[in-house]
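# Notes for the structure review
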Amino acid sequence: MMQKTPIAVLISGRGSNMRALIEACERPDYPARIALVLSNRPDAAGLEIARAAGLQTIAIDHKPFGKDREAHERKVDAAIRASGAEIVCLAGYMRVLTPFLVNAWNGRMLNIHPSLLPAFPGLHTHEAALAAGAKEHGCTVHLVTAGVDEGPILGQARVPVHAGDTPDGLAVRVLEQEHVLYPAVLLDFIINRYAE
Ligand code: GAR
């Protein structure tokens, strides 16, 4: 049996990228296993998917912490550490992070973003790509640093933009690529960078 690196997956909603990571981790030859799925939203649909897959889940609602983002992050960080995870994968985790969590996981926290960064950081990336007349769009997996959607790029996948594309249609095409890209980049990260 190979040594699998334990990871935590952080979600806020649907969890389709998390599902792609779950499926990858189920392969015996994949170098990661999911030690924890954590959501800042107790009603995130992805939590049900994770529980059904037999994974440890925890919800740490951000609302009781009000404006104290760092206090919420300290709970999140403690839960991740308690799980034994060594790498954190943000997968639709819709929180802007403070320097506390960014620094705590510096070089070991990955994010997937639905655009070809540095183009279209932030929200509503598919609308933005169409409004800009982009011929090509896609997704990026990058290391998380202090600037939102700014860390070193680990991998990208591209899709063509078609005449008459809607934001929703484009989102579906990009999401398919996200589900391929994230497990592939994580594999590469563990084998070639993290294990060094
Ligand atoms: C994905 O498209 C992901 O790239 C995006 O949210 C969606 C989550 O879907 N993330 C961001 O916009 C981060 N700023 P999922 O819950 O089905 O994986």
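Since the model is a prediction, treat every value here as computed from it, not as a measurement.

So, on to the sheet that holds strand S5 (residues 109–113). One open sheet accounts for 7 strands, arranged S3-S2-S1-S4-S5-S6-S7; its pairing is mixed. Either end of the sheet is taken by a strand with one partner, and the two such strands are strand S3 (57–59) and strand S7 (153–160). Averaged over neighbouring strand pairs, the angle between their axes works out to 20° when direction is ignored. As judged from the 3 bridges shared by strand S4 (residues 87–90) and S5, these two strands associate in the parallel manner. For cysteine 89, the partnering residue across the bridge sits in S5 and is leucine 110. Relative to strand S2 (residues 32–39), helix H3 (residues 69–83) is tilted by about 155°, and along the sheet it contacts strand S1 (5–11), S2, S3 and S4. Taken strand by strand, helix H6 (residues 167–194) contacts S1, S2, S4, S5, strand S6 (136–143) and S7, and its axis lies near 155° from that of S7.

Here, the residues flagged by UniProt with the feature "domain: Formyl transferase N-terminal" (unreviewed entry) are residues 7–186. In this annotation, residues 7–186 is assigned 37% helix and 23% strand; the end-to-end C-alpha distance for the span is 10 Å.

Under the present numbering, the feature "site: Raises pKa of active site His" (unreviewed entry) in UniProt falls on Asp149. As for its position among the elements, aspartate 149 is in the loop between S6 and S7. Excluding residues within four positions of it along the chain, aspartate 149 makes contact with Asn111, His113, Leu117, Pro121, Gly122 and His142. For aspartate 149, the side chain forms a polar contact with the main-chain nitrogen of glycine 122, separated by 2.8 Å.

Once that is clear, we can look at the pairing of S4. Remember that side chains alternate between the two faces of the sheet whenever the strand is regular. Along S4, one buried face is formed by Ile87 and Cys89 and the opposite face, lined by Val88 and Leu90, is buried too. In terms of strand pairing, S1 meets S4 through 4 bridges, oriented parallel. When the sheet's bridge partners are listed, valine 9 is paired in S4 with cysteine 89. Regarding the hand of the β-α-β motif, the stretch spanning S4, helix H4 (residues 99–104) and S5 is right-handed.

Rules of the game
Residues numbered from 1 in each chain as written. Predicted model: local features only at pLDDT ≥ 70, side-chain atom pairs only at ≥ 80, totals over all residues. Heavy atoms only, no water. Pairing = 2+ DSSP bridges. Helix = DSSP H or I, 4+ residues; strand = E, 2+ residues; numbered from the N terminus. Axes fitted to C-alpha atoms, helices over the stretch in contact; angles between N-to-C directions. Contact = heavy atoms within 4.5 Å. UniProt positions renumbered as here; feature names shortened; annotations may be inferred. Polar contact = N/O pair within 3.5 Å; in protein donor to acceptor, adjacent residues only side chain to side chain. Buried < 20%, exposed > 50% of the residue type's maximum accessible area, 1.4 Å probe, protein only. Right-handed = clockwise from strand over helix to strand, strands pointing away.

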